[in-house]
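Architecture and fold: a report
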Amino acid sequence: MELNTPQLDGIALHGMQHKYRESVLFFPSEAQVCHAYCTYCFRWPQFSGLDNLKFANHDVSRLISYLKEHPEVKDIIFTGGDPMVMSSQLLRKYIEPLLKIPAIRTIRIGTKSLSWWPYRFTTDTDADDILRLFEKIVHAGKHLAIMAHISHPGEIENPAALDAITRIRSTGAVIRSQSPIVRYINDNAQTWEAMWQKQLHLGIIPYYMFLERDTGPKHYFDVPLHEALNIFNTAYRKMSGLGRTVRGPSMSCSPGKIIVEDITEIDEKKVFVLKFTQSRDPEWTNQLFFAEYDESASWIDDLKPAFGSDKFFFEEEMAEMIRA
């Protein structure tokens with residue numbers, strides 16, 4: 001709630017997160033619901049009565065002021081909840097002012113609507129206006145990425161979803177797909193291969209396989225690191241080069257996004273090979289590090305550094321960030 005919250009003139013900008021140097025997350029107040037609710041969603045506080053745990057902001061002027069003071073930010077991610085529950089008029093309120101900021105190159109919208117309500121882009125009363133907004137963003141020279149949460153190939157096999165995908169892509173927007181690996185839903189390589197192949201055929205770019213975050217009902221849905229890695233590798237090896245844009249399995253944790261790269265033996269010790277693909281300190285990005293192999297581990301907190309070290313290389317600096 002505090003570590004990622006930026007400040008402007010000494011005032012905390014609640015409803016915004018600035019964890020990575022180039023990217024800012026924004027949680028519009030009107031987007032704190034979804035078309036439907038996934039049991040495994042780690043954003044459950046957004047939908048509960050626990051207001052002290054929610055992220056929400058309705059003041060786009062504060063966002064604009066912050067971005068003008070931080071030209072290192074190139075990427076804005078609208079998230080929630082689901083921003084696509086908002087009307088086109090509300091979306092314009094938040095997005096159109098960003099088009100005048102030269103430093104902003106990419107606008108992302110995280111949404112499950114392709115799966116839960118594809119009619120948002122086809123037959124809703126303002127569906128055409130949504131598409132005109134997407135075109136305006138692209139014509140303004142910004143890269144628009146629809147970050148679609150797609151957890152199973154069945155979600156993009158119905159005619160309504162196919163129509164929505166075609167209409168979105170016609171605006172010049174790019175659709176990228178991301179999903180957690182979830183026990184009982186997609187915990188096998190055949191499902192992931194079918195899903196990535198289907199996405200590739202439809203012009204959707206496979207982006208991330210995430211691991212279940214350590215919140216909510218994780219104990220029921222999570223998949224151990226070694227099993228997730230095997231599922232990822234088995235599916236990945238069956239993709240053509242165009243489909244190998246996907247990264248994972250990835251833990252989106254406090255220090256950054258940590259990928260399980262491999263399991264190997266070094267000095268006769270079995271270890272996990274881990275790598276930051278995104279990090280709170282940019283200097284950590286792309287650095288490899290090693291953890292003792294643990295068959296039951298499903299998150300970074302379950303792991304111990306390999307080779308006798310008592311801390312991972314980033315832990316002291318991370319602790320200092322928290323103290324600060």
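Everything below is about the structure printed above this text.
Quick notes on the rules
Positions within a chain are numbered from 1, following the residues in the order the chain's sequence is written. At least 70 in pLDDT is required for a residue's local features to be given in this predicted model, at least 80 for side-chain atom pairs to be given and counted, and no such filter applies to totals for whole chains, interfaces and linings, which use all residues. Side-chain numbers here rest on the full set of heavy atoms in the structure, without hydrogens or water. Centres within 6.5 Å make a pair out of two Phe, Tyr or Trp rings, where for Trp the six-membered ring is used; the pair is then stacked when the planes are under 30 degrees apart, edge-to-face when over 60, and tilted otherwise. Each helix is a run of H or I in the DSSP string that is no shorter than four residues. Each strand is a run of E no shorter than two, and both are numbered from the N terminus. Only protein chains enter the accessibility calculation, which uses a 1.4 Å probe; a residue is then buried when its area is under 20% of its type maximum, exposed when over 50%, and partly exposed in between. Pairing of N or O atoms within 3.5 Å defines a polar contact, subject to two protein rules: one partner must be a possible hydrogen donor and the other a possible acceptor, and residues neighboring in sequence count only if both atoms are side-chain atoms. Whether two residues are in contact is decided by their heavy atoms, any of which lying within 4.5 Å being enough. Axis definition: a line fitted to C-alpha atoms, limited for helices to the stretch in contact. Angles are taken between N-to-C directions and run from 0 to 180 degrees. Roughly parallel means an angle under 35 degrees; roughly antiparallel means over 145; roughly perpendicular covers 65 to 115; every other angle is labelled oblique. For any helix crossing, the convention is left-handed if the near helix is rotated counterclockwise from the far helix by under a right angle, and right-handed if that rotation is clockwise. Here the term charged refers only to Asp, Glu, Lys and Arg, the term nonpolar to Ala, Val, Leu, Ile, Met, Phe, Trp, Tyr, Cys and Pro, and the term polar to all other amino acids, Gly among them. Throughout, nonpolar core names a set of buried Ala, Val, Leu, Ile, Met, Phe, Trp, Tyr and Cys residues whose side chains join them through atoms within 4.5 Å. Patch members must show over 30% relative accessible area and no salt bridge, and they are joined within 9 Å when carrying like charges or within 5 Å when they are nonpolar side chains of Val, Leu, Ile, Met, Phe, Trp or Tyr. Note that accessible areas follow from Shrake-Rupley with a 1.4 Å probe, and for residues the cover is restricted to the protein chains shown. In the sections that follow, a salt bridge refers to a side-chain nitrogen of Lys or Arg positioned within 4 Å of a carboxyl oxygen of Asp or Glu. Helix span, expected: 1.5 Å multiplied by one less than the number of residues in the helix. The reported arc concerns the directions from the helix axis to the C-beta atoms and nothing else.

Here's the deal with the packing of aromatic side chains
Evaluation of the coordinates by the stated rule reveals 24 aromatic pairs. Each ring, one from phenylalanine 121 and one from phenylalanine 134, has its centre 6.3 Å from the other, and the planes form 40°; the classification is tilted. Taken together, the residues phenylalanine 121 in the loop between helix 3 (113-116) and helix 4 (127-139) and phenylalanine 134 in helix 4 connect sequence positions 13 residues apart. A single burial state applies to phenylalanine 121 and to phenylalanine 134, both of which are buried. When the ring of phenylalanine 312 is compared with that of phenylalanine 314, the centres are 5.8 Å apart and the planes differ by 5°; the resulting orientation is stacked. Overall, the relative accessible area of 7% leaves phenylalanine 312 in the buried class. For phenylalanine 314, a relative accessible area of 3% translates into the label buried.

Thoughts on the side chain of serine 298
With respect to the element layout, serine 298 can be found in the loop between strand 13 (288-292) and helix 9 (315-323). Reaching out from serine 298, the side chain makes a polar contact with the side chain of lysine 218 at a distance of 3.1 Å. Other than its neighbours up to four places away in sequence, serine 298 contacts Lys218, Asp222, Val223, Pro224 and Leu225.

Looking at the packing of helix 2 (residues 88-95) against helix 4
One can describe the packing of helix 2 onto helix 4 by two numbers: an axis separation of 9 Å at closest approach and a directional angle of 20°. It follows that helix 2 is roughly parallel to helix 4 by the angle criterion. In this structure, the crossing between helix 2 and helix 4 has a hand that is right-handed. Contacts from Ser88, Leu91, Arg92 and Ile95 of helix 2 reach helix 4 at Asp129, Ile130, Arg132, Leu133, Lys136 and Ile137. Here the residues of the contact of helix 2 with helix 4 are counted per class, giving five nonpolar, one polar and four charged.

Section: the nonpolar core
Counting 77 residues, the largest nonpolar core has Phe134 and Ile300 as its most contacted members. If we ignore the near neighbours within four places in the chain, the residues touching phenylalanine 134 are Met84, Ile109, Phe121, Leu144, Ile146, Ile168 and Thr171. Within the second largest apolar cluster, five residues are counted, among which are Met147, Tyr207, Tyr208 and Phe210.

Topic: a nonpolar patch on the surface
Together, Trp116, Trp117 and Tyr119 make up an exposed nonpolar region whose accessible area comes to about 310 Å². Following the sequence through the fold, tyrosine 119 ends up in the loop between helix 3 and helix 4.

Digging into helix 5 (residues 159-170)
For helix 5, spanning twelve residues, the distance from its first C-alpha to its last is 17 Å, which sits close to the expected 16 Å at 1.5 Å a residue. Elements that come into contact with the buried residues of helix 5 comprise helix 3, helix 4, strand 7 (143-149), strand 8 (174-180) and helix 6 (189-202). In this structure asparagine 158 caps helix 5, since a side-chain oxygen of it lies 3.2 Å from the backbone nitrogen of alanine 160.

A few points about the environment of methionine 318
By the element assignment, methionine 318 lies in helix 9. With 37 residues separating them along the chain, methionine 318 and aspartate 281 place their C-alpha atoms 8.8 Å apart. Discounting chain neighbours no more than four positions away, the residues touching methionine 318 are Leu3, Ser254, Pro255, Arg280 and Trp284.

Looking at the pattern of salt bridges
In total, this model carries 16 salt bridges according to the counting rule given. Among the salt bridges present, the one from aspartate 126 reaches arginine 120, with a minimum N-O distance of 2.7 Å. Comparing aspartate 126 with arginine 120, the two get one shared label, buried. Shared partners join several salt bridges into a network, and the residues in it are Arg92, Glu96, Asp129, Arg132 and Lys136.

Some details on the packing of helix 6 against helix 8 (residues 225-236)
Where helix 6 meets helix 8, the closest approach of the two axes is 8 Å, and the angle between their N-to-C directions is 45°. Taken together, the axes of helix 6 and helix 8 lie oblique to each other. Relative to helix 8, helix 6 is oriented so that their crossing is right-handed. Across the interface between the two elements, Ala189, Trp192, Glu193 and Trp196 from helix 6 touch Ile231, Phe232, Thr234, Ala235 and Tyr236 from helix 8. Counted by class, the contact of helix 6 with helix 8 contains seven nonpolar, one polar and one charged residues.

Section: helix 1 (residues 60-69)
For helix 1, every residue scored as buried is listed here: Val60, Leu63, Ile64, Tyr66 and Leu67. For helix 1, the arc enclosing every buried residue in end-on projection is 165°, short of the 170-degree limit, so these residues lie on one face. Among the exposed residues of helix 1, those oriented more than 90 degrees off its buried face are Lys68 and Glu69. Considering only its buried residues, helix 1 is in contact with strand 1 (7-8), strand 3 (16-17), strand 4 (23-26), strand 5 (75-78) and helix 2.

Some details on the environment of tyrosine 207
Its place among the elements puts tyrosine 207 in strand 9 (residues 205-210). For tyrosine 207 and arginine 169, which are 38 residues apart along the polypeptide, the C-alpha to C-alpha distance reads 17 Å. For tyrosine 207, the contacting residues outside a window of four places in its chain are Arg108, Met147, Arg176, Ser177, Gln178, Thr245, Val246 and Arg247.

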